[in-house]
Amino acid sequence: MPNYATNKTTVNLQWNHIGPFTPWQTLGLISCVKVHPSNPNIIFAGGCAGGLFKTTDGGQNWTNITDASLILSPGIRDIAINLSD
């Protein structure tokens, strides 16, 4: 298995809080982020309360790609990228 740790890509992102702003709606914390090793515009983010999100435009727009059967997951703690799929 290849060692991808030596092929890291540095991406400078500026994070902005865009809501929700009420105390009881503060879910949405991100526990991990993974940048695709050959395309820095593809980024995955895993939520602390579950959910996997993907952007293909460097973070401008995000899509929830969570499988409906995993909605009640305890949270995403790490992300692995299959380079062949």
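If you're wondering where the values come from, they're calculated on a predicted model, not measured in any experiment. (Residues numbered from 1 in each chain as written. Predicted model: local features only at pLDDT ≥ 70, side-chain atom pairs only at ≥ 80, totals over all residues. Heavy atoms only, no water.)

Asks: Pulling in residues and values, what's your account of the overall build of the protein?
Replies: The helix and strand tally for the protein stands at zero helices and four strands. Along the chain direction, N to C, the helices and strands of the protein fall in the order β-β-β-β. Counting all 85 residues of the protein, 18% fall into the buried class. Restricting the contact set of the protein to residue pairs at least 6 apart, pairs at least 24 apart contribute 38%. Accessible surface, the protein as shown: approximately 6700 Å² in total, 55% of it carbon and sulfur. (Helix = DSSP H or I, 4+ residues; strand = E, 2+ residues; numbered from the N terminus. Buried < 20%, exposed > 50% of the residue type's maximum accessible area, 1.4 Å probe, protein only. Contact = heavy atoms within 4.5 Å. Areas by Shrake-Rupley, 256 points an atom, 1.4 Å probe, with all protein chains shown as cover.)

Asks: Can you tell me about the environment of Gly59, naming the residues and giving the values?
Replies: Residue placement: Gly59 occurs in the loop between strand 3 (52-55) and strand 4 (63-64). For Gly59, a relative accessible area of 24% corresponds to the partly exposed category. Note: C-alpha distance between Gly59 and Ile43 (16 residues apart in sequence) is 7.1 Å.

Asks: Summarise the sheet that holds strand 4; cite the residues concerned and give the values.
Replies: Sheet architecture is open: four strands sit in the order 1-2-3-4, paired in antiparallel fashion. Strands with a single pairing partner mark the edges of an open sheet, and in this sheet they are strand 1 (30-35) and strand 4. As defined by bridge partners, strand 2 (residues 43-47) adjoins strand 3 across four bridges and the pair is classed as antiparallel. From the neighbouring strand, Gly46 faces strand 3, where its bridge partner is Leu52. (Pairing = 2+ DSSP bridges.)

Asks: Can you lay out the side chain of Thr55 for me, pointing to particular residues and giving the numbers?
Replies: Along the polypeptide, Thr55 turns up in strand 3. Take Thr55: its relative accessible area is 0%, and that puts it in the buried class. Beyond its immediate stretch of four places on either side in the chain, Thr55 contacts Asn41, Ile42, Ile43, Gln60, Asn61 and Trp62.

Asks: Which residues make up the pairing of strand 3, and what are the values?
Replies: As consecutive antiparallel partners, strand 2 and strand 3 are separated by four residues, and within that stretch Gly50 has a phi angle of approximately 100°, a positive value. Relative to strand 4, strand 3 is paired through two bridges, and the arrangement is antiparallel. By the bridge assignment, Phe53 is partnered in strand 4 with Asn64.

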